[in-house]
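Below are the chains, spelled out letter by letter.
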Amino acid sequence: MAFAYGSTPSLAGLGLIEITNASPAFAAALATAIEGFGGTVRVVPVPGAAGICLLTEGLAGGPPAERDAACLKALIAGIGSGARTYALDLASADDLANIGGCAGLCRTLRIEQPEAAAFALSLNDFTTPD
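Conventions used here
- Residues numbered from 1 in each chain as written.
- Predicted model: local features only at pLDDT ≥ 70, side-chain atom pairs only at ≥ 80, totals over all residues.
- Heavy atoms only, no water.
- Helix = DSSP H or I, 4+ residues; strand = E, 2+ residues; numbered from the N terminus.
- Expected span 1.5 Å × (residues − 1).
- Contact = heavy atoms within 4.5 Å.
- Buried < 20%, exposed > 50% of the residue type's maximum accessible area, 1.4 Å probe, protein only.
- Lys, Arg positive; Asp, Glu negative; His and termini not counted.
- Salt bridge = Lys/Arg side-chain N within 4 Å of Asp/Glu carboxyl O.
- 1 Å grid on protein atoms, 1.4 Å probe; cavity = no way out; pocket = protein on both sides within 12 Å on 5 of 7 lines; lining within 4 Å.
- Points joined across faces, edges and corners; volume = space filled by probe spheres on them.
- Nonpolar A, V, L, I, M, F, W, Y, C, P; charged D, E, K, R; others polar.
- Core = buried A, V, L, I, M, F, W, Y, C linked by side-chain atoms within 4.5 Å.
- Pairing = 2+ DSSP bridges.
- Right-handed = clockwise from strand over helix to strand, strands pointing away.

**Considering helix H2 (residues 64-80)**
Taking 1.5 Å as the rise per residue, H2 with 17 residues should run 24 Å; its terminal C-alpha atoms sit 24 Å apart, in good agreement. Buried residues in H2 make contact with strand S3 (52-58), strand S4 (84-90), helix H3 (102-112) and strand S5 (118-123). Directly after H2, the chain includes Gly-82, whose backbone phi takes a positive value near 85°.

**Quick notes on the side chain of Glu-57**
Structurally, the position occupied by Glu-57 is in strand S3. Among buried charged residues, Glu-57 stands out as having no salt bridge; its nearest opposite-charge side chain is Lys-73, 9.2 Å away. Non-local contacts of Glu-57, meaning those with residues more than four positions away in its chain, are made with Thr-20, Ala-22, Pro-45, Arg-67, Ala-70, Cys-71 and Ala-74.

**Structural notes on the layout of surface pockets**
Considering only enclosed or pocket space, the largest pocket measures out at about 180 Å³ in volume. Mapped onto the lining of the largest pocket, the elements with two or more residues apiece are helix H1 (24-36) and S5. For the lining of the largest pocket, the element with the most residues is H1, which contributes four residues. Considering only residue class, the lining of the largest pocket consists of nine nonpolar, no polar and one charged.

**Section: the environment of Leu-90**
The topology assignment puts Leu-90 in strand S4. Residues Leu-90 and Leu-121 lie 31 residues apart in sequence; the distance between their C-alpha atoms is 8.5 Å.

**As for the nonpolar core**
With 13 residues, the main nonpolar core has Leu-55, Leu-75, Ala-87 and Ala-118 as its most contacted residues. Where this core is concerned, the elements lending two or more residues are S3, H2 and H3. If we ignore the near neighbours within four places in the chain, the residues touching Leu-75 are Leu-55, Thr-85, Ala-87, Leu-105, Cys-106, Leu-109 and Ala-118. The next biggest cluster of nonpolar side chains, apart from the first, holds 10 residues, and it includes Ile-17, Ala-31, Val-41 and Tyr-86.

**Digging into the pairing of S4**
Taken residue by residue, a regular strand's side chains alternate between the two faces of the sheet. Judged by how many residues are buried, S4 sits mostly within the fold: six of seven residues are covered. Inspection of the sheet shows S3 paired to S4 by five bridges, in the parallel sense. Within the sheet, the bridge partner assigned to Leu-55 lies in S4 and is Ala-87. Remark: the S3/H2/S4 crossover connection has right-handed handedness. As paired strands, S4 and S5 are joined by six bridges and run parallel to one another. Within S5, the residue paired with Asp-89 across the bridge is Ser-122.

Structural measurements only, silent on function.
Right, here's the structure in full:
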């Protein structure tokens, strides 16, 4: 159980959580936050054997097409390992061309591979990883 009523929330019961390091600042901020709630984290270049993986490819710099291609590669690696995989990307940006496409990648992947546990989380209104 990840949370208990009437007590401090804990992520300890989730097991190892991997975070890809495509966006090092976001990976470090996520790792710190998860560890602060009792979670066990490992920052990795490619998803491996964890039960949960957070992908930061959609938050990395560079053109959207490059971020999306990197996200797709990481999604495939994550579902290949059996991980519950969450692709993080931008929900809003100064320019619509910079909004990520990770949600569409996850939807398509789940259609093509129904056993895939691939989900997208779009981040909105942030200026720093913290």
